[in-house]
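Residues per chain, in single letters:
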Amino acid sequence: MVKREMKMATMVVMVMTMMVCRAGAATVWNGNFNSYASATDMNSWSFSNRVGEYQAYICGGAKGTQISDWLSLSPSFANMADASVKQGARIKITGNSVWHGQTMLRTEIIPEIPSNNNNNIFTGVRYFQFSMKQDAKNPLNDQYSHQLVFFESHYADIQFQGGNLKLVFPNGQSPWSTPFGTDVWHNFALQVDYSARQITLWHSTGADQLKIVVQPISANVDTAEWHIGILRLPLSNTQDSAETAVYYSGIYINTAIVPFSGTSVTGATVTGASPSPSTPSPSTPSSSPSSSPSATTGGVVTKCSSDAECTSTICKM
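This text gives an overview of the structure that appears in the document. (Residues numbered from 1 in each chain as written. Predicted model: local features only at pLDDT ≥ 70, side-chain atom pairs only at ≥ 80, totals over all residues. Heavy atoms only, no water.)

1. Points about the packing of aromatic side chains
Alright, step 1. A complete count under the given rule lists 18 aromatic pairs for this structure.
Alright, step 2. Taking the centre distance of 5.3 Å and the plane angle of 85 degrees together, the rings of Trp29 and Tyr54 count as edge-to-face. Here Trp29 is found in strand 1 (residues 27-30), whereas its partner Tyr54 is found in strand 2 (residues 54-58), with 25 residues between them in sequence.
Alright, step 3. Aromatic side chains Trp45 and Phe47 sit 4.8 Å apart centroid to centroid with 70 degrees between the ring planes, which places their arrangement in the edge-to-face category. Each member of the pair Trp45 and Phe47 is classed as buried.
Alright, step 4. Among the aromatic residues, ring-to-ring pairing joins Trp29, Phe33, Tyr54, Phe128, Phe130, Phe151, Tyr155, Trp176, Phe188 and Trp226 into one connected group.
Alright, step 5. Taking NZ or CZ as reference, Lys92 lies 5.9 Å from the ring centre of Trp70, over its face.
Alright, step 6. If you follow Arg232 out to its NZ or CZ, it ends over the ring of Tyr144, 4.1 Å from the centre. (Phe/Tyr/Trp six-rings, centres within 6.5 Å; stacked < 30°, edge-to-face > 60°. Helix = DSSP H or I, 4+ residues; strand = E, 2+ residues; numbered from the N terminus. Buried < 20%, exposed > 50% of the residue type's maximum accessible area, 1.4 Å probe, protein only. Lys NZ or Arg CZ within 6 Å of the ring centre and 35° of its normal.)

2. Describing the environment of Arg126
Alright, step 1. For Arg126, the position within the fold is in strand 6 (residues 125-134).
Alright, step 2. It is 9.0 Å that separates the C-alpha atoms of Arg126 and Val28, two residues lying 98 residues apart in sequence.
Alright, step 3. Excluding anything up to four places from it in sequence, Arg126 contacts Val28, Asn120, Ile121, Leu190, Gln191, Val192, Tyr194, Ile253, Asn254 and Thr255.
Alright, step 4. Among the polar contacts listed, one links the side chain of Arg126 to the backbone oxygen of Asn120, at a separation of 2.7 Å. (Contact = heavy atoms within 4.5 Å. Polar contact = N/O pair within 3.5 Å; in protein donor to acceptor, adjacent residues only side chain to side chain.)

3. Description of the sheet that holds strand 2
Alright, step 1. Strands sit in the order 2-5-14-7-8-9-10 across an open sheet of seven strands; the sheet is antiparallel. Edge positions in the sheet fall to strand 2 and strand 10 (176-179), since each has one partner strand and no second. When the angles between neighbouring strand axes are averaged without regard to direction, this sheet yields 15 degrees.
Alright, step 2. The sheet contact formed by strand 9 (residues 164-168) and strand 10 spans four bridges and is antiparallel. Following the sheet pairing, Lys166 is matched in strand 10 by Ser177. (Pairing = 2+ DSSP bridges. Axes fitted to C-alpha atoms, helices over the stretch in contact; angles between N-to-C directions.)

4. Overview of the side chain of Ser74
Alright, step 1. Mapping Ser74 onto the fold places it in strand 3 (residues 71-74).
Alright, step 2. Separated by 2.8 Å, the side chains of Ser74 and Ser76 make a polar contact.

5. Regarding the side chain of Asn187
Alright, step 1. Of note, Asn187 is situated in strand 11 (residues 186-193).
Alright, step 2. A polar side-chain atom of Asn187 sits 3.0 Å from the main-chain carbonyl oxygen of Gly206.
Alright, step 3. Apart from residues no more than four positions distant in its own chain, Asn187 is found in contact with Asn79, Phe130, Ser131, Trp202, His203, Ser204, Thr205, Gly206, Asp208, Leu210 and Phe260.

6. Focus on the environment of Ile228
Alright, step 1. Positionally, Ile228 belongs in strand 14 (residues 226-232).
Alright, step 2. A relative accessible area of 1% means that Ile228 is categorised as buried.
Alright, step 3. Remark: the alpha-carbon pair of Ile228 and Phe130, spanning 98 residues in sequence, is separated by 9.3 Å.

7. What about the pattern of salt bridges?
Alright, step 1. Tallied over the entire structure, the rule returns five salt bridges.
Alright, step 2. The salt bridge involving Arg90 is made with Glu243; its shortest N-O contact spans 2.9 Å. Of the two residues, Arg90 sits in strand 4 (residues 88-93) while Glu243 sits in the loop between strand 14 and strand 15 (244-254), which places them 153 residues apart along the sequence.
Alright, step 3. Here Glu243 falls in the partly exposed class, since its relative accessible area comes to 29%.
Alright, step 4. Close ionic contact of Lys92 with Glu243 constitutes a salt bridge, the shortest N to O distance being 4.0 Å. Here the residue Lys92 occupies a position in strand 4, and Glu243 occupies one in the loop between strand 14 and strand 15, the gap between them amounting to 151 residues. (Salt bridge = Lys/Arg side-chain N within 4 Å of Asp/Glu carboxyl O.)

Distances and angles like these do not, on their own, reveal function.
Next up, the structure:
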């Protein structure tokens with residue numbers, strides 16, 4: 001009887017903790033794909049028709065292909081440990097994923113955030129939460145460096161290098177890594193403190209709750225756009241043409257960590273306050289190829305800012 005009462009008390013505490021955590025967190029941008037009936041809905045986005053959760057124009061191949069040729073949606077692509085998601089995305093690249101003649105291979109989506117909401121998004125402390133899993137049948141080629149989730153200025157990237165997922169800063173510093181594996185969901189939160197200009201990294205696998213794996217570290221934090229998808233750098237300007245893919249699920253920008261349903265969060269207050277900072281490490285301007293610092297770089301289009309620059313519903317070369 002005593003054990004049963006203790007078990008019930010523990011469950012009550014866990015549920016109450018979960019409710020407090022959720023009450024203390026607000027989702028300021030929701031990118032969980034629930035609003036899309038299918039991936040073809042994403043083809044409707046353009047700079048003159050900013051519909052849906054994502055800007056969806058960075059994809060490659062022959063003129064006339066669309067984002068739905070490179071991204072697909074399905075409940076089987078989601079990490080169902082997050083009860084709020086109905087489906088996830090499978091994002092792929094092939095040797096044809098050439099966007100505007102670049103040597104990189106790219107398929108990426110960017111949160112569609114109204115300009116009048118930017119001050120609400122990129123301020124205070126924000127948690128960029130997401131889950132991703134490598135496709136077991138079409139795994140990434142570990143001979144190449146991949147940027148899988150990154151800010152446009154690359155002040156903090158989640159990259160895939162040599163079989164490992166890594167947090168990478170512009171100066172090449174990588175304070176954390178873990179094997180990516182296949183058929184394993186990796187859950188992340190990039191905690192960005194815009195005032196202190198610091199990054200904290202949270203991570204877990206499967207249905208486990210997020211835990212801090214990198215204490216606050218200084219970074220060149222800015223309000224650059226957030227990219228989700230695959231950007232693969234070439235080796236001596238050559239690319240393997242085989243199809244490779246990654247699943248993405250449960251993508252949000254929150255004011256505090258939001259736990260998976262049914263259990264509590266480890267290692268943070270419910271208000272999203274940062275733990276005590278570790279010794280700051282300097283960052284220098286990015287030396288990696290920027291995805292979109294401006295409309296063009298060296299004559300190569302790296303970002304579109306209007307339909308005139310890039311036909312947004314057609315991923316053209």
